[in-house]
Amino acid sequence: MKAANVSNLVYLNGDWVADENAKVSVFDRGFLFADGVYEVVPVYQRRPFLLNLHIQRLQRSAEAIGIESIAAEFWYQLVSDLIHRNNLDDCLVYIQLTFGADSQRSHLPTQPLTPTIYASVSPLQVHWNTPTPVKVAVLEDIRWHRCDIKSISLLGNIMLKREAAKKGALEPLLHRNGRITEGASCNYFLVKQGALYTPPADHLILAGITRTWVIQLARQLGIEVFEVVCDVNQLQHADEVFLTSSSREVQPVGQIDDIIVGNGQCGVITAQIAEAFHASKRHLIQE
Ligand code: PMP
């Protein structure tokens, strides 16, 4: 493990440079229009977790906005190089792909552009025990209708996260007309009578890789999972609520606005899923 104050090596368009020296053009469409997509991959003991699913999602996002396809092998190599060049055991790999730099600011590109590829790592605090429950705040989802694309345009997400933070909450729990969508950077699960309920993977949410994995783990444990429209009113009757994301893994929710979920502690099913999640990480490390 390296010292916290040592700069990281980042990848930028074929070059490896210290992060503070990495420079992108002011004409980059990512900078001017947020015309790009990104991906975040957790790495445990130098092993990327569910990498193929993350790369498939990156390719889906890139295709959705019209960036030419880049082979999966390129991304696998890049992730491996990032981990080894930076000498980090547990980390989050960040990959960003934009439409590239033009010669002027123009809503439509004025010429064929080469995509800008940027990738970096940051240290990751890995959970091995179930984390303490957090508070979330119910807020109206003000974002666009293509939340399935992992766009670098996160303005809506950030405004909502700030509003949640003002209420002392870690994350917003978003809804559209009473229909639960997701958080600013996570997906939600409700537990009722031993079964899991989570909003469907449509255009209104980003289908988290952690969400996909949790659904699979739950089914392996014999827990029923329903990917169905969930109403905010169901929250009052939920036995347990938890959120998922690559950096938070499985995180119990103890409070929604002023309402305590269950007894405010991590519920039995949430603990069971979190333990299965830890076991799958251990399995990856020991492979
Ligand atoms: N929804 C949103 C809006 C997110 O930003 C994230 C995290 N990137 C997630 C869900 C969870 O996705 P994952 O499990 O792949 O980290």
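Residue positions are counted from 1 within each chain, in the order its sequence is given. Restriction of local features to residues with pLDDT of at least 70 applies here, the model being predicted, together with a cutoff of 80 or more for giving and counting side-chain atom pairs; totals for whole chains, interfaces and linings are based on all residues. The side-chain numbers reported here are obtained from all heavy atoms of the structure, hydrogens and water having been left aside.

The name recorded for the protein chain in an unreviewed UniProt entry is Aminodeoxychorismate lyase, from Pseudidiomarina marina. UniProt positions are given in the numbering used here, feature names are shortened, and annotations may be inferred rather than shown by experiment. Taken verbatim from the UniProt record of the protein chain, the Function (unreviewed entry) comment is "Involved in the biosynthesis of p-aminobenzoate (PABA), a precursor of tetrahydrofolate. Converts 4-amino-4-deoxychorismate into 4-aminobenzoate (PABA) and pyruvate." Per UniProt, the protein chain carries the Catalytic activity (unreviewed entry) text "4-amino-4-deoxychorismate = 4-aminobenzoate + pyruvate + H(+)".

**Q** Can you lay out the overall build of the protein chain for me, pointing to particular residues and giving the numbers?
**A** We count a stretch as a helix when DSSP gives it H or I for four or more residues in a row; a strand needs E for two or more, and each element gets its number in order from the N terminus. For the protein chain, the helix and strand inventory stands at 6 helices and 15 strands. Only C-alpha atoms enter the radius of gyration, while the globule expectation follows 2.2 Å times N to the 0.38, with N the number of residues. Computed over C-alpha atoms, the radius of gyration of the protein chain comes to 20 Å, within 12% of the 19 Å expected from 2.2 N^0.38 for 287 residues, which places it in the range of a compact globule. Counting only C-alpha atoms and orienting by the principal axes, one finds that the protein chain spans roughly 55 × 45 × 35 Å. The buried label goes to any residue with under 20% of its type's maximum accessible area, the exposed label to any with over 50%, and the partly exposed label to all in between, with areas taken from a 1.4 Å probe on protein chains only. Within the protein chain, the proportion of its 287 residues that are buried is 49%. Between two residues, a contact is recorded if the distance between any of their heavy atoms is within 4.5 Å. For the protein chain, contacts bridging at least 24 residues in sequence account for 70% of all contacts bridging at least 6.

**Q** Please provide a residue-by-residue account of the sheet that holds strand 5 (residues 91-98), values included.
**A** Two strands qualify as a pair provided that DSSP identifies no fewer than 2 bridges between them. Ordered by their spatial adjacency, 6 strands build an open sheet running 2-1-6-5-3-4, and the pairing between neighbours is antiparallel. If you trace the sheet from one side to the other, it starts and ends with strand 2 (15-18) and strand 4 (47-48), each paired once. As paired elements, strand 3 (residues 36-44) and strand 5 share 8 bridges and run antiparallel to each other. Paired with V37 across the strands is L97, a residue of strand 5. Packing against the sheet, helix 2 (residues 51-65) makes contact with strand 3, strand 4 and strand 5, and its axis sits at approximately 175° to strand 3. In this description, a line fitted to the C-alpha atoms serves as the axis of each element, helices being fitted only across the stretch in contact, and the angle between N-to-C directions of two axes falls anywhere from 0 to 180 degrees.

**Q** Hey, could you go over the pairing of strand 13 (residues 240-245) for me, with residue numbers and the actual values?
**A** Along strand 13, 6 of the 6 residues are buried, which leaves the element largely enclosed by surrounding structure. Every second residue of strand 13 is oriented toward a common face, with E240, F242 and T244 on one face and V241, L243 and S245 on the other, all of them buried. Bridge count for strand 10 (residues 187-192) against strand 13 is 5 bridges, and the pairing is antiparallel. Residue pairing in the sheet places Y188 in a bridge with L243 of strand 13. Between strand 13 and strand 14 (residues 249-256), which pair antiparallel in sequence order, lie 3 residues.

**Q** Tell me about a nonpolar patch on the surface, and please be specific about residues and values.
**A** Surface patches are defined over residues having more than 30% relative accessible area and no salt bridge, joining like charges when they lie within 9 Å and nonpolar side chains (Val, Leu, Ile, Met, Phe, Trp, Tyr) when within 5 Å. Note on areas: Shrake-Rupley, 1.4 Å probe, and residue coverage restricted to the protein chains presented here. Only one rule defines a salt bridge in this text: a Lys or Arg side-chain nitrogen within 4 Å of an Asp or Glu carboxyl oxygen. A surface patch of nonpolar side chains, about 310 Å² in accessible area, is lined by V26, F27 and F31. As for its position among the elements, F27 is in the loop between strand 2 and helix 1 (29-33). Relative accessible area serves as the criterion here: at 33%, F27 is assigned to the partly exposed category.

**Q** How would you summarise helix 4 (residues 155-166) if you had to cite specific residues and measurements?
**A** For helix 4, built from 12 residues, the straight-helix expectation of 16 Å at 1.5 Å per residue is met to within 8% by its first-to-last C-alpha distance of 17 Å. Burial in helix 4 covers these residues: G156, N157, L160 and A164. What you see down the axis of helix 4 is that its buried residues fit within an arc of 95°, all on one side. Exposed residues pointing more than 90 degrees away from the buried face of helix 4 are listed as L155, R162 and K166. Those residues of helix 4 hidden inside the fold are in contact with strand 7 (134-140) and strand 8 (171-176). Where helix 4 terminates, the next one or two residues include G168, which has phi positive at roughly 75°. Expected span, for any helix, means 1.5 Å times one less than how many residues it has. Directions drawn from the helix axis to the C-beta atoms are what define this arc.

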